[in-house]
Amino acid sequence: MINRCRRKPFPGVWIITGILVGLLFSACGDKDPLLIGFVGGTSGRVADLGISGRDAVQLAVDQCNRAGGIHGRQVQLVMKDDQQDPDIARQAVQDMIRKGVAAVIGPMTSDMGLAVLPLLDEAGLLAVSPTGTSQSLSGRDDHFFRVCSTTREFAVKSADYQIRSGNMRRISAIYDKSNLSFCKNWLENFTETFTALGGEVIHTLEFQAGEERSFLELGRDLLRMKPDGILIIANSMDSAMLCQQIHKLDPDIAITLADWGATERLLELGGKAVEGVTVVQTFNRDNPNPRFQDFRKEYLDRFHREPGFPGVYAHDAVQVVFTALKTRKKNQTLKDTVLSLKKFQGLQNDFSFDAFGDVERLNASINIVQNQKFIVVD
Amino acid sequence: MKSPMSIRLYLSLKFGIVAILPVLIIAVVIWQLQIPQMRTRTEIQQKGMARAVAGQISAHLMGGERQLSALADYLKQQDDFQPSRLVSLLDSQCGEGNLFEAIYITVPQGNGITAIGLSHSCRSKREDLLGLDLSGRSFIHQARVPETPLWSETFLSTTTSRLAVALVIPLAHDLIIGEITLDKLSELIRLLPVEEGLTVLVLDGQNRVVADSHQIRLGQHVNVIPQKAAKGETGFAAGAFDLEDKLFLGTVADIPGPGWKVLVAQPIEDAYRPIRFAFITSALVLTLSLALALAAAAFQAGNLSKLLRFYTQQAQAISQGNYNLQWPPSKTAELMNLGQSFERMAQDISRREKALVESETRMRITLDSIGDAVITTDDHGRITRMNPMAEKLTGQPLIEAVGLPLPGNRLPIRLQKFWPREKSSDLPTIPSSYRETGANTRSPTAEPPFGIRTGEWSVWSWSSGMSPKPIPGKKKFGRVNDC
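In this text the structure is predicted, and so the values were computed from the model without any measurement.

## Some details on the overall build of chain B
Summing up its helical and strand segments, chain B has eleven helices and 14 strands in all. Looking at chain B residue by residue over its 483 residues, the buried ones come to 42%. Long-range pairs, those at least 24 residues apart, make up 50% of the contacts in chain B between residues at least 6 apart in sequence. When the accessible area of chain B is evaluated, it comes to approximately 26400 Å², of which 57% is carbon and sulfur surface.

Written out as structure tokens, the structure is:
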């Protein structure tokens, strides 16, 4: 009788099993991308701020991905244009929360920051704003962090310079009410210092582009009380347009701008009308730091224009998020990670967060536009 | 030793190997020929789309170029143009802003915009825009060759605060500039009959999106890596690239004029979906075919196995003496030969057996008729047969004696010379006196030897009550001589 032996498994069975196990492991190895949100105004009158910020974030993300991502995960950017509209900004952040972004870079303006703040806190989602400087966002234990100083530093520096230089003592001020939190806060800080030093704000106007009054009319109104200087707190496009109209009416009057308007676009749109205009900012275009120089070169090569302060601060903001994501411990929130790390490397200089996620960068400078360039004068 | 596998499994595996071969060939053909063809077809389809979109945009922009050139020619011929008439003329050229949002005249080194025409919705801004200094705009300085149109890079329009491109035509002393806002372009490509699922992007010289069919990437910078253009074709590049960390397959076509590009793309998973579907379908069909082939092979092998089992049973039946077997007709020559061979074998065995029976019968008749007693025993010395003389001599009928040991001690043995002398050495236990004389002498040990004579004088010896001891080479069949 023939013995029925237990058959050995066919070698193919082992091969197929091996392949399946291999596939299973390789499938497990495919990590989902890590989502990072960017929200800012990339269209309309504030677009220069948003576009520069967005491009810098995109560049940083590409650099990160080229270097292998974060813990092996590629970073994917979810970009939203808030159109400087609070409702759209809220919708954008809600979309990002739904998509499960790890953090948000932005918003780029203070008003949009205030609009999305409740959503961020509710979702426990960290947002690091490159350029939201209003003091309304300071001293809060919230999820809104920022890498730039508050309006106070800029406004005080500007007021102090104007008085010290003797440029202006009786000024008319105009601000954009579409970013009211930032503008009013800026004006209050300026006025406080300016008047304390003997200056006077004789006339204040608010405006919103697209409303009934033309820029020329606003210019006329600003000059009506014969000021010796004009303060404009607005985005670069509106600042340039106002400068052009004021220049048409009085080519010799001194004009100074808030940091918001001090982008490269001001030079492009303002032409000769912005020559001699002073601006305040914590950003130095001639900073020799190699990190900044490398970034600027790569940015210029890719986007064919200067990154400006929105680009530099957006890059700093995204580096805060990347560093925190890389060093975060298990069960630690991103906010706690940032606060525990506290100190970060910026493109131009290092900066530290306080317990509320605010930053103080004590290097504000006064720049003057000469030959379509920003020149540091103080 | 490895246990043999069933013929069913063996043949199934063999058939399976045979069936896999065409499956592999078909898979290779699909992979190497059909899929590249489908890929090429997808690229051609995208190329066609890109060409169509580029043509549409080019026509749109070139229409503007012709319009502005005609306007420039007209203005050149007018020596003295009243400002109000000029503004009306420029306004009418802008109309509703379907192409130009603003058309203005400026002196490069002068005092900004000297005259401006606006689309209907923007006319309230005229006061702001008149006299606007444009020296910060790079295109103002780039346009130098008179009457040669120049397309600017994209910029944020002062008029509309939207992304725009300017067409500049230098005149004798000044420039005429038309601003085209690009969100209208997005609207234009969105309305083109482009296949659903395709993304159409118009990129400027710096790969910045100036128009997007989905209107979500406007103004973004995209890293499109153009691949090598097909041989003989210019202005096209196709290939895969990353867009927002998603792999796309796209074709880039140049737009003459502003030096832009049209990118028609779709996610690679969508682009290759028909190919993947075809491949998966083919793979499923081939797998199914293979499974069916294996099932058919197993079924056929089972039939063959059944047939072989039948032949085995027939062989066993033949071994049991069943020679009149029915052999089924076979379609194969080998099996038919096997059946015939078995049949012949059965007939041969039957014939030989018959001859043996006849021989036995003859022998029995002979034994029954002879005067000698013949007792036949089996291997154990038990009686199997006795002839009548043996029955008579032993006094025991055959029917009783069968199966009993050969009762040598009870036999009155009187044998004479029943073995030749030369074989005496074979009988060590037989006393020499008995060997010499054949006299009825009993062994001194009371173990009477007993001789059995066969046809060849084979000899057995045994003791009383003991089983016979076979002597090697001797048969167990013998004859008792005259007792």
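## Here we look at the packing of helix H5 (residues 151-165) of chain A against helix H6 (residues 180-196) of chain A
All names here are of chain A. The geometry of H5 relative to H6 is characterised by a closest axis approach of 8 Å and an angle of 40 degrees between their N-to-C directions. Here H6 runs oblique to H5, going by the angle between their axes. In this structure, the crossing between H5 and H6 has a hand that is right-handed. Counted together, Thr151, Arg152, Phe154, Ala155, Val156, Ser158, Ala159, Asp160, Gln162 and Ile163 of H5 and Phe182, Asn185, Trp186, Asn189, Phe190, Glu192, Thr193 and Phe194 of H6 form the full contact between these two elements. Looking at the contact of H5 with H6, its residues break down into nine nonpolar, six polar and three charged.

## Points about the interface of chain A and chain B
Listed as interface residues are 40 residues of chain A and, on the opposing side, 30 residues of chain B. On inspection of chain A and its partner chain B, the count reaches four salt bridges. If you look at where chain A meets chain B, you find 13 residue pairs in polar contact (both at pLDDT 80 or more). Listed by contribution, the elements that provide at least two residues to the side of chain A that touches chain B are helix H2 (47-66), strand E2 (75-81), helix H7 (215-223), helix H8 (236-249), helix H9 (264-270) and helix H10 (290-303) of chain A.

## Concerning the sheet that holds strand E5 (residues 144-146) of chain A
Either a parallel or an antiparallel arrangement is found when strands of a sheet pair, and the pairing is made through backbone hydrogen bonds. Residues and elements named next belong to chain A. Across the sheet, which stays open at both edges, the five strands sit in the order E2-E1-E3-E4-E5 with parallel pairing between neighbours. Across the chains shown, the open sheet's two edge strands, defined by having one partner strand only, are E2 and E5. Each strand axis lies, on average, 25 degrees off the axis of its neighbour in the sheet, ignoring direction. As paired elements, strand E3 (residues 103-105) and strand E4 (residues 127-129) share two bridges and run parallel to each other. Within E4, the position partnered with Ile105 by the bridge is Val128. On the sheet, H2 packs against strand E1 (34-40), E2 and E3 and is oriented at approximately 170 degrees with respect to E2. Those strands touched by helix H11 (residues 308-327) are E1, E2, E3 and E4, and its axis lies near 165 degrees from that of E3.

## Details of H5 of chain A
Its 15 residues place the ends of H5 of chain A 21 Å apart at the C-alpha level, agreeing with the 21 Å of an ideal helix rising 1.5 Å per residue. Immediately beyond the C-terminal end of H5 of chain A, within one or two residues, lies Gly166 of chain A, with a positive phi of roughly 75 degrees.

## Focus: the sheet that holds strand E14 (residues 373-376) of chain A
Residue and element names in this part refer to chain A. Pairing is mixed across the open sheet formed by seven strands, whose spatial order is E7-E6-E8-E9-E10-E13-E14. Each edge of the open sheet is held by one strand with a lone partner, namely strand E7 (200-207) and E14. Here the average twist between neighbouring strands, direction ignored, is 25 degrees. Pairing of strand E6 (residues 170-176) with E7 involves seven bridges; the strand directions are parallel.

## Re H6 of chain A
Residue and element names in this part refer to chain A. Taking 1.5 Å per residue as the helical rise, H6 with its 17 residues ought to reach 24 Å, and the 23 Å between its terminal C-alpha atoms agrees with that figure. Along H6, the positions that sit buried rather than exposed are Ser181, Phe182, Cys183, Asn185, Trp186, Leu187, Asn189, Phe190, Thr193 and Phe194. In this fold, the buried residues of H6 make contact with helix H4 (110-123), H5, E6, E7, strand E8 (229-233) and strand E10 (278-281). Just beyond H6, the residue with positive phi is Gly198, at close to 105 degrees.

## Looking at the pattern of salt bridges
For the coordinates displayed, the defined rule picks out 30 salt bridges over all chains. For Glu127 of chain B, the salt bridge is made with Arg220 of chain A, and the minimal N-O distance between the two is 3.8 Å. Here Arg220 of chain A lies in helix H7 and Glu127 of chain B lies in helix H3 (residues 126-129), a pairing that spans two chains. With a relative accessible area of 43%, Arg220 of chain A lands in the partly exposed category. Put simply, Asp91 of chain B and Arg123 of chain B hold a salt bridge, and the shortest N to O gap is 3.7 Å. Separated by 32 residues along the polypeptide, Asp91 of chain B in helix H2 (residues 83-94) and Arg123 of chain B in the loop between strand E2 (112-118) and H3 bring together distant segments of the chain. Residue Asp91 of chain B is classed as buried on the basis of its relative accessible area, which comes to 10%. Through salt bridges with shared partners, a single ionic network connects Arg54, Asp55 and Arg305 of chain A together with Arg208 of chain B.

## Structural notes on a nonpolar patch on the surface
Residue and element names in this part refer to chain B. On the surface, a cluster of nonpolar side chains totalling about 520 Å² of accessible area is made up of Met5, Ile7, Leu9, Tyr10, Leu13, Leu304 and Leu308. Counting only elements with at least two residues in the nonpolar patch, the list comes to helix H1 (7-77) and helix H7 (273-319). For the nonpolar patch, the element with the most residues is H1, which contributes four residues. Its relative accessible area of 33% is what places Leu9 among the partly exposed residues.

## Digging into the packing of H1 of chain B against helix H5 (residues 183-191) of chain B
Residue and element names in this part refer to chain B. Where H1 contacts H5, the axes come no closer than 11 Å and their chain directions differ by 140 degrees. By the angle between their directions, the pair H1 and H5 is classed as oblique. Here the hand of the crossing between H1 and H5 comes out right-handed. Residues Val53, Ile57 and His60 of H1 touch H5, and the partners they reach there are Leu185, Leu188 and Ile189. Looking at the contact of H1 with H5, its residues break down into five nonpolar, one polar and no charged.

Criteria and thresholds
Residues numbered from 1 in each chain as written. Chains lettered and ligands numbered in written order. Predicted model: local features only at pLDDT ≥ 70, side-chain atom pairs only at ≥ 80, totals over all residues. Heavy atoms only, no water. Helix = DSSP H or I, 4+ residues; strand = E, 2+ residues; numbered from the N terminus. Buried < 20%, exposed > 50% of the residue type's maximum accessible area, 1.4 Å probe, protein only. Contact = heavy atoms within 4.5 Å. Areas by Shrake-Rupley, 256 points an atom, 1.4 Å probe, with all protein chains shown as cover. Axes fitted to C-alpha atoms, helices over the stretch in contact; angles between N-to-C directions. Parallel < 35°, antiparallel > 145°, perpendicular 65-115°, else oblique. Left-handed = near helix turned anticlockwise from the far one by under 90°. Nonpolar A, V, L, I, M, F, W, Y, C, P; charged D, E, K, R; others polar. Salt bridge = Lys/Arg side-chain N within 4 Å of Asp/Glu carboxyl O. Polar contact = N/O pair within 3.5 Å; in protein donor to acceptor, adjacent residues only side chain to side chain. Pairing = 2+ DSSP bridges. Expected span 1.5 Å × (residues − 1). Patch = residues over 30% accessible without salt bridge, like charges linked within 9 Å, V, L, I, M, F, W, Y side chains within 5 Å.

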